[in-house]
Amino acid sequence: MSNVENNTQSLFAAQAPEAPADLASALAPQATAGHFDELRGRVSRSPDPVKPVPVAAPSALRSVSGSLPDASPTRQAAAPEEALAANWTRFFNFLGTDGFHDLNHRTANLHRQIRDNGVTYNVYADANGPQRPWSLDLFPMMVSAGDWAQIETGIQQRARLLDRVMADIYGPQQLLQQGLLPSALVHAHPGYLRSMRGVQPAGDTYLHIAAFDIAHGPDGRWAIVSQRTQAPSGLGYLLENRLTISRLFPEAFREMKVQRLATPYKALVDGLKAMSPASSSHEESRVVLLTPGPYNETYFEHAYLARYLGLTLVEGSDLLVRGDRLYLKTLRGLEPVHGLLKRLDDEFLDPLELRSDSTLGVPGLLQVIRAGNVLVVNTPGSAFLESPALFGFLPALSKHLLGETLALPSPATWWCGEQAVMPDVLNQLKDSVIKPTYPGTGMASVLGHTLSRRELDEWAGRIVRRGEDYTVQAYRPLSQTPTWQGEKIAPRSAMLRVFAVADGSGSWQVLPGGLARLAGKNENMTSMQHGGSSADVWVLGEQPNPGNVAAGQTPASRAEQPAPAWAIAPLRHRPPVSSRAAENLFWLGRYTERAENATRLAQLTLQCLGGEDQSSQALLAWLTRMAVGNALVLDTVPPATQARRVFERALIANLADTSQAASVGFNLQAIRGTASAVRERLSQEQWHVIVRAEADFFHRCKMFSSAASQIPPGQEGPHALEYSSVEALRALESVSGYLAAMTGAQTDRMTRDDGWRLLSLGRMIERLHTLAAALVHGFETEAVFEDGGFGAIVALFDSTITFHAQYQQRRDIPALLDLLVLDRNNPRSLGWVTQTLRGRLDKLAGSTPGDQPDLAPDLPDPGSWALTELCGSAEAGETANEGRPQYEQLTGLLEQCGSAALALSDTLSRRYFSHAASGSHSLGA
């Protein structure tokens, strides 16, 4: 064995605990010159001349000459300036005996978990569609206990300061009168809302959540670079990051004593309930989370947070203002809302007073806020606090309002609206960052050192002409943290977003960690919408004492205090079901049942068209009616009785067609669309099944369509059609398994509340209408009187096994009707479906206030059905011209079932979704 092979094996097979860290030190390139190197805990003094070296496999380490440059004795014994920081040394030593060999496997698990959990970050301009998987790096970003203590103190101070600034601006405005803050940064800012002047918010707190982007500078100090107060995003994504990464590195997470995140979230919810108007009246406080909807870029986070915090996820159309109060439209009528955690910008909140074209907000919401009847997080009008120009005035504001010096500094900042700073600004543009003072200009931040002399002159001219529109901030190189890039360790610039939440007792809690946003390769600006990634943030050290204990108060004394009124609530809390959520659940049930029926019918049709009964005209006529009636085939296609192969080819082509036909692919897309609107009510496993079903089906259809298209023209022949039919049946069989999993999740893994009842009603309505029509067509086409048609109808009802077990080889109509119409133990029979419908309706009507009229007066009662009556006309000898017995009473019953199902759907829509049919559900202002 050569020395090279010996060296390689010694590196990767070493059992000493320090081997992985030594290897990381030898192989990881240094950070870019001038940036703080998180891996080594120091500023990088010079560019690393060595390119990133793959470390996933020993063979990847060999150079062209066969040597191991990074495994040489010189590199193995890392120089002091190349030694890893102590935290990273510990982390890499916890990788285990597999060391770097296992990192690609862990990365694959990471991507699988992100995909399975459905974590997405929507990008409106993405050509690949509105959704893309959330980007998360394998390695966490680490913050030492000492650094975190400074960060926590500085963030708490900054949150208190911003709340005081906002209280003054919407109150006495002494800061403007005393010249501590230029009026143009407030009154000229589009985020300043004059209609909120003089408003005292519920709870006397303006800000409840504040996010701060902080950077680790070359001097090793942390500084706040920007702040977000309108609707800061990231609280949900950082939780998902934590759950994912902690599972991939469980030993390191445990032994390095990473601080937990749960306590501040609980403090936030408790604080909102304590400060809401309901607390003073001893009511049960209802707090909802307002989202713009599924097409918002961070909708996953909205649904995730609502589920995690136990809040009802609502859209603007779910809420209503009446008498200066905010209400939620639910199945039980209007229910008061006391707290609103908003996830949309202020300008969209109220179309009456803000943007008139907004369909996302609630008309009259600002008036409710002014009346003090709802707590909104954060209070509208905080957007001016996000202006970068404010940073230049915060040191003086802190001394004036708090009597304190800023614990966490910000980069030197100059607002170019002040003429006095203009000479200094223009002289240092090349070493600065140019930012827009006000939002909505479409301008992105510009790094001065990336500009040419001509471009710098052009920017200087713009600043001279309209200085108030620009803010110049000293350039601060971001620290670079190690990331795993497939086969190598590579440094990436990182910005840490930290969150502070008000806990209701006048103090702030800072989440111990945050969301690290990583820049792309060779970039120094982080943006998730421009290809950036994220990382989990580990704050190391001993666990803090639980809770937020006020000064001079021991945990024991705090525990002895009586619980506030808002905390004394019934043990069983039944969350409301909004009308919008109920409607989406109803259609989720209908589309799921419709997809199951379409899949089973398509399988049955393809099997019959190629089976031994393919010459039966009655069977072909029945298949044609059913396929056309269920939108599997367009009515312009020749029927199977005239052109069987053309009909079969059209059915296969329409399976994945979502533009003209409403076949299987269309229904799968509809399932995903309705499910996304109620995602907070679905488990991750259920959502995963829905996504995988759609993706797998379209992938399979694309594969066999591509194979069929490669056959030369004129050579298709019957064998090509047979091949396409076989592949289509495989795709249908696969999606049938997914649909069975969806049915199981809907049946056995959802709480039986009113929302679930409507989902179940949607399924039963769809089943009753489809199966009743199948029997009607079976008798009209006389397919039911032939063996092939008889068996096909039983198969469509998914009752073949049961029929053979109960009736053996009988093929008579009484046996068919007994199982498919009367048997109330068969979940596919019309008797069971109507019985279940009536039971669900009774439960639903009983959950609403007042006397409810019968929701389905035309729905027949299966208890009154009798086999002798359904077969009466046939037994009496009544026949048609061709001699076939007639079943007029049966046909009338089947038609009544179908029409009653459609009428019930309309009634439910009017009563519970649009509230158009009930005087007790008045929704007009």
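Being a predicted model, the structure only gives us computed values, none of them experimental.

### Examining the overall build of the protein chain
Along the protein chain, the regular secondary structure elements total 31 helices and 21 strands. Per-residue burial for the protein chain yields a buried fraction of 54% across its 925 residues. Sequence separation of at least 24 residues holds for 72% of the intrachain contacts in the protein chain that already meet a minimum separation of 6. Accessible area for the protein chain stands at about 38,600 Å²; split by element, carbon and sulfur atoms hold 50% of it.

### Side note on the pattern of salt bridges
If you walk through the whole model with that rule in mind, you get 37 salt bridges. Asp536 serves as the salt-bridge partner of Arg242, at 3.0 Å between the closest nitrogen and oxygen. Highlighted residues: Arg242 in helix H9 (residues 235–248) and Asp536 in strand E21 (residues 533–539), separated in sequence by 294 residues. Given the relative accessible area of 6%, Arg242 is considered buried. On the basis of relative accessibility, which here comes to 1%, the residue Asp536 falls in the buried class. Between Asp346 and Lys342 there is a salt bridge, with the nearest N and O atoms lying 2.8 Å from each other. Accessibility classification places Asp346 together with Lys342 in one group, the buried group. Connected through salt bridges with shared partners, the residues Glu593, Glu596, Arg763, Arg767 and Arg828 form a single ionic network.

### Concerning the nonpolar core
Core analysis: the largest hydrophobic core is formed by 107 residues, its most contacted members being Trp622, Ile671, Phe697, Leu758, Leu830, Leu837 and Leu908. Tallying contributions element by element places helix H18 (residues 579–609) first for this core, with 14 residues. Those residues within four positions of Leu908 in sequence are excluded, and the remaining contacts are Phe586, Leu758, Leu761, Ile765, Leu841, Leu844, Leu855 and Phe913. Core analysis: the next-biggest nonpolar cluster, separate from the first, contains 73 residues, Tyr170, Val314, Leu390 and Tyr438 among them.

### Here's the deal with the sheet that holds strand E8 (residues 319–322)
Pairing between the strands of a sheet is mediated by backbone hydrogen bonds and can be parallel or antiparallel. Sheet architecture is open: 3 strands sit in the order E8-E9-E10, paired in antiparallel fashion. Each edge of the open sheet carries a strand with a single partner, namely E8 and strand E10 (333–336). Ignoring strand direction, the axes of neighbouring strands in this sheet form an average angle of 45 degrees. As paired strands, strand E9 (residues 325–330) and E10 are joined by 4 bridges and run antiparallel to one another. Looking at the pairing, Thr330 lines up with Gly333 of E10.

### Re the pairing of strand E17 (residues 480–484)
Of all 5 residues in E17, 5 are buried, a share of seventy percent or more. Because side chains alternate across E17, one face comprises the buried residues Gln480, Pro482 and Trp484, and the other comprises Thr481 and Thr483, equally buried. Where E17 meets strand E18 (residues 489–502), 5 bridges bridge the pair, whose relative direction is antiparallel. Looking at the pairing, Trp484 lines up with Ile489 of E18. Connecting the antiparallel pair E17 and E18 is a turn made up of 4 residues, with Gly486 showing a positive phi of about 80 degrees.

### Re the sheet that holds strand E16 (residues 470–474)
Spatially, 4 strands are ordered E13-E16-E14-E15 in an open sheet, and the strand pairing comes out antiparallel. Looking at strand neighbours, the two that pair on one side only are strand E13 (413–415) and strand E15 (446–447), the edges of this open sheet. Bridge count between strand E14 (residues 432–436) and E15: 2 bridges; the pairing is antiparallel. The partner of Val433 across the bridge, within E15, is Leu447.

### Here we look at the pairing of E21
For E21, the tally of buried residues reaches 7 of 7 residues, placing the bulk of the element in the interior. Judged from the 3 bridges that link them, strand E3 (residues 141–143) and E21 form a sheet pairing that is parallel. Bridged to Met141 within E21 is Val537. Strand direction decides the pairing type here: strand E20 (residues 515–518) and E21, joined by 4 bridges, are antiparallel. Its bridge partner lying in E21, Leu515 is registered against Asp536.

### Section: the packing of helix H5 (residues 103–117) against H9
Their axes nearest at 10 Å, the elements H5 and H9 cross at an angle of 145 degrees. In this structure, H5 crosses over H9, and the sense of that crossing is right-handed. Contacts from Arg106, Asn109, Leu110, Gln113, Ile114 and Asn117 of H5 reach H9 at Glu240, Leu243, Thr244, Ile245, Arg247 and Leu248. Taken together, the residues of the contact of H5 with H9 break down into 5 nonpolar, 4 polar and 3 charged.

### Let's talk about the environment of Asp318
You can see Asp318 is positioned in the loop between strand E7 (312–314) and E8. Residue Asp318 is classed as buried on the basis of its relative accessible area of 2%. Put simply, Asp318 and Thr330 are 12 residues apart on the chain and 8.1 Å apart in space, counted from C-alpha to C-alpha. Ignoring anything within four residues of it in the chain, the contact list for Asp318 reads Leu313, Tyr327, Leu328, Lys329, Ser578 and Arg580. Here the side chain of Asp318 touches Glu315 through a polar contact of 2.8 Å, landing on its backbone nitrogen.

### A word on the side chain of Thr481
By the element assignment, Thr481 lies in strand E17. Looking at Thr481, the relative accessible area reads 2%, which means it is buried. Setting aside chain neighbours within four positions, we find Thr481 in contact with Glu38, Trp88, Pro140, Met141, Ala490, Pro491, Arg492, Ala494 and Leu518.

### Focus: the environment of Thr89
Position of Thr89 relative to the elements: it lies in helix H4 (residues 86–93). According to the relative accessible area criterion, Thr89 is partly exposed, its value standing at 26%. Residues Thr89 and Leu39, 50 residues apart in the sequence, show an inter-C-alpha distance of 8.8 Å.

### Brief notes about the side chain of Glu593
If you trace the backbone, Glu593 turns up in helix H18. Note on Glu593: relative accessible area 0%, which makes it buried. Other than its neighbours up to four places away in sequence, Glu593 contacts Arg763, Glu766, Arg767 and Arg828.

### Notes on the confidence of the model for the protein chain
With 82% of its residues at a pLDDT of 70 or more, the protein chain shows a mean pLDDT of 84. With pLDDT under 50 throughout, residues 543–562 is counted as low confidence; its partners more than four residues away or in other chains account for 18 contacts. Contacts for the low-pLDDT stretch residues 917–925, under 50 throughout, to residues beyond four places or in other chains number 18 contacts.

### Notes on the packing of helix H6 (residues 145–169) against helix H14 (residues 394–401)
A pair of packed helices can be characterised by two numbers: the angle between their axes and the separation between those axes. Close contact between H6 and H14 brings their axes to 10 Å; oriented N to C, the two are set at 80 degrees. Here H6 is positioned roughly perpendicular relative to H14, judged by the angle of their axes. Residues Gln157, Arg158, Leu161, Leu162, Arg164 and Val165 of H6 form the contact with H14, whose own contacting residues are Leu394, Leu397, Ser398 and Leu401. Looking at the contact of H6 with H14 residue by residue, the classes come out as 6 nonpolar, 2 polar and 2 charged.

### Some points on unusual backbone geometry
Residues other than glycine predominantly adopt negative phi, and peptide bonds predominantly adopt the trans conformation. Here Val377 and Asn378 are connected by a cis peptide whose omega angle stands at -10 degrees. Examined against the element boundaries, Asn378 turns out to sit in the loop between strand E12 (375–377) and H14. The phi angle at Glu782 is positive, at roughly 65 degrees, despite the residue not being glycine.

### A word on the environment of Val628
Position of Val628 relative to the elements: it lies in helix H19 (residues 617–629). Placed 33 residues apart in sequence, Val628 and Ala661 show a C-alpha to C-alpha distance of 9.7 Å. If we ignore the near neighbours within four places in the chain, the residues touching Val628 are Val633, Leu634 and Asp635.

### Examining H18
With 31 residues, H18 should reach 45 Å at 1.5 Å per residue; the first-to-last C-alpha distance of 44 Å fits that figure. For H18, the buried fraction is high: 27 of the 31 residues fall into the buried class.

### A few points about the packing of aromatic side chains
Across all of its chains, the model carries 27 aromatic pairs by this definition. Ring centres of Trp88 and Phe139 lie 6.2 Å apart, and the angle between their planes is 65 degrees; this geometry places the pair in the edge-to-face category. Of this pair, Trp88 sits in helix H4 while Phe139 is found in the loop between H5 and E3, placing the two residues 51 residues apart along the sequence. The ring of Trp459 has Arg462 lying over it, and the distance from NZ or CZ to the ring centre is 4.5 Å.

Basis of the calculations
- Residues numbered from 1 in each chain as written.
- Predicted model: local features only at pLDDT ≥ 70, side-chain atom pairs only at ≥ 80, totals over all residues.
- Heavy atoms only, no water.
- Helix = DSSP H or I, 4+ residues; strand = E, 2+ residues; numbered from the N terminus.
- Buried < 20%, exposed > 50% of the residue type's maximum accessible area, 1.4 Å probe, protein only.
- Contact = heavy atoms within 4.5 Å.
- Areas by Shrake-Rupley, 256 points an atom, 1.4 Å probe, with all protein chains shown as cover.
- Salt bridge = Lys/Arg side-chain N within 4 Å of Asp/Glu carboxyl O.
- Core = buried A, V, L, I, M, F, W, Y, C linked by side-chain atoms within 4.5 Å.
- Pairing = 2+ DSSP bridges.
- Axes fitted to C-alpha atoms, helices over the stretch in contact; angles between N-to-C directions.
- Left-handed = near helix turned anticlockwise from the far one by under 90°.
- Nonpolar A, V, L, I, M, F, W, Y, C, P; charged D, E, K, R; others polar.
- Polar contact = N/O pair within 3.5 Å; in protein donor to acceptor, adjacent residues only side chain to side chain.
- pLDDT = per-residue confidence, 0-100.
- Parallel < 35°, antiparallel > 145°, perpendicular 65-115°, else oblique.
- Expected span 1.5 Å × (residues − 1).
- Phe/Tyr/Trp six-rings, centres within 6.5 Å; stacked < 30°, edge-to-face > 60°.
- Lys NZ or Arg CZ within 6 Å of the ring centre and 35° of its normal.

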